Amino acid sequence: MLKNITLGQYFPGNSLIHRIDARFKLILTALFIAMVFCAKTPAGYGLIAAFLIFVVADSRIPPRLILKSLRSILIFIVFTAVLNVFFTKGETVLFSWRFLTVSREGIVFAVSMVLRIVFLIVGTSMLTYTTSPILLTDAIEALFSPLKKLRFPVHELAMMMSIALRFIPTLIEETDKIMSAQKSRGADFESGNLFRRVKSFIPLLIPLFVSAFRRADELATAMESRCYRGGDGRTRYRVMRSAARDWVALGAAAALTAGVVVLRIFGL
Amino acid sequence: MEILRAEHITHIYSPKTPFEQKALDDVSFSVSPGELVGVIGHTGSGKSTLISHFNGLLRPTSGKVFVEGEDIWAQPKQIRRFRFRVGLVFQFPEYQLFEETVEKDIAFGPKNMGLSAEETAERVREAARSVGLDESLLEKSPFELSGGQKRRVAIAGVIAMRPRLLVLDEPAAGLDPRGRDEIFDTVRAYLASGENAAVVVSHSMDDVARTASRIVVLDRGRVALEGSPAEVFSHRDVIESTGLRLPFVTRVMHRLRDRGFAADVSVRDLDEAADALLRLKGGGGRA
């Protein structure tokens, strides 16, 4: 039942998007976010949409999956749209009833806000769809490594992140198992009032915490017995190397961002 | 009457997604009072999926499950009452303990049944005795106990519900030989009255060979073999093709037979094997 949760929703593949270096993908995502916020004109939005469609098509991620990730924030999108339609003050009033007024500007603004949200969600989830969590933390570590000079524990934070990510599926599986076991003893997680329901989760949470601590302890022992002592002088199994395609992708994205900015300046 | 009957169960995980997987494919299964059925199969053969249907944790994609003649999915809202009639003990059940004391933990099931305090207390004591837990342990925290003791507490927690059918998933995993024998002794004692039945899931043939009255071999979601241990173990080729190994003594006997001795391949444990070999030696007969 908990298996349907997609988190760190990596979708393995071998497309161009999949193969781009994770560090570049992170930068590209940042550029993409900037691009979305720069866009103001229909042509600008069109350009971004075309880019996004290209990325999605290339990655071979089923569009159904992407629509599913949008569905979870559907309420948020609708809320934004409704709020902007009714509460943006505009000059060309199209419709008015009591305190509700709908103006042309309001509709335009609502549409652009909705587009922005959709672009941001789809664009950033393309990063997590096509990059494995481990590569992603490696990339974050690499990009933030200059902070090491300021004694910022970049490696340790990245390690903590990858361990946390690694254990999400394990803990979900564990939760599922403990739930089944307690249900087999007649535990009821579904009925009763709020107080009873919260109380019914105790038989689930205590074993879950106990096992999380046990796993943490075992992992610490395993790491220590292999002489793990942090990032200093540590070499890597996966060495990140940039290829020509990474620079090309970066150049293309930069050009696209410039295009969006130009479109905005000229108001096209 | 059969305690449990599962008819043509098919179970598909995440249907209509790219992750669709048929875990069970038209499996029929029944257990009568007094039986100890061993379910064996390789990892991923559908053993755990199958037993999760017995008390309604999973609903079959198609097929029906009857407990003492009642279709358990006739009223889905009432499914909880079947959990008390078919007691499921999962793999590594010691990880599900949560109460402050052993006594309270064993009482979790009976309390969920809505039994009175006296009835609960009596069942707890009886269940603890039946798994060989000393009364002095009842007041302790379950987290202070040893691994084997914890497992017995968890099994007692299910036995205290007095299910007609006791289902154990890999009850001996990770225990030393003595701990393993104790668990199987508990199961046999549970069956002594003749009214109850048990299903033991394992991937180890040796465990079930000695105790089970009937064996079901699962392979990729289907029943590959079914019958008495002697019948099942005579199909060496089928068993080995499912990635399992025959019990150690059976393998020895098969090996002898391959070499031309008239060895009895239906022996169930070391003692029987020794007797059979002595007979063979006494008769002196090469086949």
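Residues numbered from 1 in each chain as written. Chains lettered and ligands numbered in written order. Predicted model: local features only at pLDDT ≥ 70, side-chain atom pairs only at ≥ 80, totals over all residues. Heavy atoms only, no water.

Notes on the overall build of chain A
Across its full length, chain A carries 11 helices and two strands. For chain A, the sequential pattern of α-helices and β-strands runs α-α-α-α-α-β-β-α-α-α-α-α-α. Referenced to the eigenvectors of the C-alpha coordinate spread, the extents of chain A come out at roughly 65 × 55 × 40 Å. When burial is assessed residue by residue, chain A has 35% of its 268 residues classed as buried. In chain A, the proportion of contacts linking residues at least 24 apart, taken out of those at least 6 apart, comes to 74%. Here chain A displays about 16,800 Å² of accessible surface, and carbon together with sulfur accounts for 68% of that area. Of the charged side chains in chain A, 33 are positive and 17 negative, and the gap between their average positions amounts to 4 Å. (Helix = DSSP H or I, 4+ residues; strand = E, 2+ residues; numbered from the N terminus. Buried < 20%, exposed > 50% of the residue type's maximum accessible area, 1.4 Å probe, protein only. Contact = heavy atoms within 4.5 Å. Areas by Shrake-Rupley, 256 points an atom, 1.4 Å probe, with all protein chains shown as cover. Lys, Arg positive; Asp, Glu negative; His and termini not counted. Charge placed at Lys NZ, Arg CZ, Asp CG, Glu CD.)

Details of the overall build of chain B
A count of helices and strands for chain B gives 11 helices and 10 strands. The globule rule puts the C-alpha radius of gyration for 287 residues at 19 Å, and the 20 Å found for chain B is close to it. In terms of principal-axis extent, the alpha carbons of chain B reach across some 65 × 50 × 35 Å. Counting only residues that meet the buried cut, chain B has 49% of its 287 residues in that class. Considering only contacts within chain B whose residues lie at least 6 apart along the sequence, 63% involve residues at least 24 apart. (Rg over C-alpha atoms; globule rule 2.2 N^0.38 Å.)

Focus: helix 6 (residues 177–191) of chain B
Owing to its 3.6 residues per turn, the α-helix aligns residues three or four sequence positions apart on the same side. Taking 1.5 Å as the rise per residue, helix 6 of chain B with 15 residues should run 21 Å; its terminal C-alpha atoms sit 21 Å apart, in good agreement. Residues of helix 6 of chain B that are buried sit in contact with strand 3 (36–41), helix 4 (117–130), helix 5 (147–159), strand 7 (165–169), strand 8 (197–202) and helix 7 (205–211) of chain B. (Expected span 1.5 Å × (residues − 1).)

Here we look at the interface of chain B and chain A
With 20 residues of chain B in contact, the opposing surface of chain A contributes 17 residues. Note on chain B versus chain A: buried area summed over both sides is about 1,700 Å², and carbon and sulfur give 62% of it. Counting across the chain B and chain A interface gives one salt bridge. In this structure, Arg185 of chain A engages Asp105 of chain B in a salt bridge whose closest nitrogen and oxygen atoms are separated by 3.1 Å. Put simply, the parts of the chain that give the side of chain B that touches chain A at least two residues each are helix 2 (80–83), helix 3 (102–112) and helix 5 of chain B. (Buried area = accessible area lost by both parts, 1.4 Å probe. Salt bridge = Lys/Arg side-chain N within 4 Å of Asp/Glu carboxyl O.)

Here we look at the packing of helix 8 (residues 154–184) of chain A against helix 10 (residues 202–225) of chain A
All names here are of chain A. Closest axis-to-axis distance for the helix 8/helix 10 pair is 10 Å, and the angle between their directions is 140°. The orientation of helix 8 with respect to helix 10, classified from their angle, is oblique. Like other packed secondary-structure pairs, helix 8 and helix 10 cross with a definite hand, here right-handed. Between helix 8, through Met159, Ile163, Phe167, Thr170, Leu171, Glu174, Thr175, Ile178, Met179 and Gln182, and helix 10, the contact on the second element is made entirely by Pro203, Leu204, Pro207, Leu208, Ser211, Ala212, Arg214, Arg215, Leu219 and Met223. (Axes fitted to C-alpha atoms, helices over the stretch in contact; angles between N-to-C directions. Parallel < 35°, antiparallel > 145°, perpendicular 65-115°, else oblique. Left-handed = near helix turned anticlockwise from the far one by under 90°.)

So, unusual backbone geometry
A positive phi angle is found at Cys227 of chain A, which is not glycine, with a value near 65°. In this structure, Cys227 of chain A sits in the loop between helix 10 and helix 11 (244–265). Although it is not a glycine, His8 of chain B adopts a positive phi angle of roughly 45°. As for its placement among the helices and strands, His8 of chain B is situated in strand 1 (residues 4–13).

Section: the domain arrangement of chain A
When its domains are assigned, chain A resolves into domain 1 (1–131 + 241–268) and domain 2 (154–234). Domain 1 of chain A and domain 2 of chain A are separated by 34 Å when their C-alpha centres are compared. (Domains from an automatic or database assignment.)

Examining the sheet that holds strand 9 (residues 214–219) of chain B
All names here are of chain B. The six strands lie next to each other as 6-7-8-3-9-10, forming an open sheet whose pairing is mixed. In the strand order of this sheet, the two ends are held by strand 6 (86–89) and strand 10 (222–227), each with one partner. The mean inter-strand angle of the sheet, taken between neighbouring strand axes irrespective of direction, is 15°. Pairing geometry for strand 3 and strand 9, over five bridges, is parallel. Looking at strand 9, one finds that Ile40 is bridged to Val217. The sheet contacts of helix 5 involve strand 6 and strand 7, and relative to strand 6 the element is tilted by about 165°. (Pairing = 2+ DSSP bridges.)

A few points about the packing of aromatic side chains
Inspection of the entire model under this criterion finds seven aromatic pairs over all chains. Consider the rings of Phe32 of chain A and Phe51 of chain A, whose centres lie 6.1 Å apart with planes at 35°: the pair is tilted. Within this pair, whereas Phe32 of chain A is found in helix 2 (residues 22–38), its partner Phe51 of chain A is found in helix 3 (residues 42–59), the two being separated by 19 residues in sequence. The lysine or arginine in question, Arg166 of chain A, covers the ring of Phe167 of chain A, its NZ or CZ lying 4.9 Å from the ring centre. Above the plane of the ring of Tyr95 of chain B lies Arg214 of chain A, whose end atom (NZ or CZ) is 4.0 Å from the centre. (Phe/Tyr/Trp six-rings, centres within 6.5 Å; stacked < 30°, edge-to-face > 60°. Lys NZ or Arg CZ within 6 Å of the ring centre and 35° of its normal.)

As for the sheet that holds strand 2 (residues 21–31) of chain B
Residue and element names in this part refer to chain B. Taken in spatial order, the four strands line up as 2-1-4-5 in an open sheet, and their pairing is antiparallel. In this open sheet, the two strands that pair with only one neighbour each are strand 2 and strand 5 (70–71). In this sheet, strand 4 (residues 62–67) lies alongside strand 1 in antiparallel orientation, the contact comprising five bridges. Residue Glu7 lies in a different strand from strand 4, and its bridge partner there is Lys64. Against the sheet, helix 1 (residues 47–54) makes contact with strand 1, strand 2 and strand 4, and its axis sits at roughly 55° relative to strand 2, the strand it touches most.

A word on the side chain of Thr29 of chain A
Residues and elements named next belong to chain A. Within the secondary structure, Thr29 sits in helix 2. Relative accessible area serves as the criterion here: at 11%, Thr29 is assigned to the buried category. A distance of 2.6 Å separates a polar side-chain atom of Thr29 from the backbone oxygen of Lys25. (Polar contact = N/O pair within 3.5 Å; in protein donor to acceptor, adjacent residues only side chain to side chain.)

Some details on the environment of Glu126 of chain B
All names here are of chain B. With respect to the helices and strands, Glu126 occurs in helix 4. Judged by its relative accessible area of 32%, Glu126 is partly exposed. As for Glu126 and Ala156, which are separated by 30 residues in sequence, their C-alpha atoms are 8.8 Å apart.

Description of a nonpolar patch on the surface
All names here are of chain A. Judged by side-chain polarity, Leu94, Phe95, Trp97, Ile107, Val111 and Leu115 come together as a nonpolar surface patch covering roughly 570 Å² of accessible area. Counting residues per element, the ones that place at least two in the nonpolar patch are strand 1 (93–97) and helix 6 (104–130). One can find Phe95 in strand 1. (Patch = residues over 30% accessible without salt bridge, like charges linked within 9 Å, V, L, I, M, F, W, Y side chains within 5 Å.)

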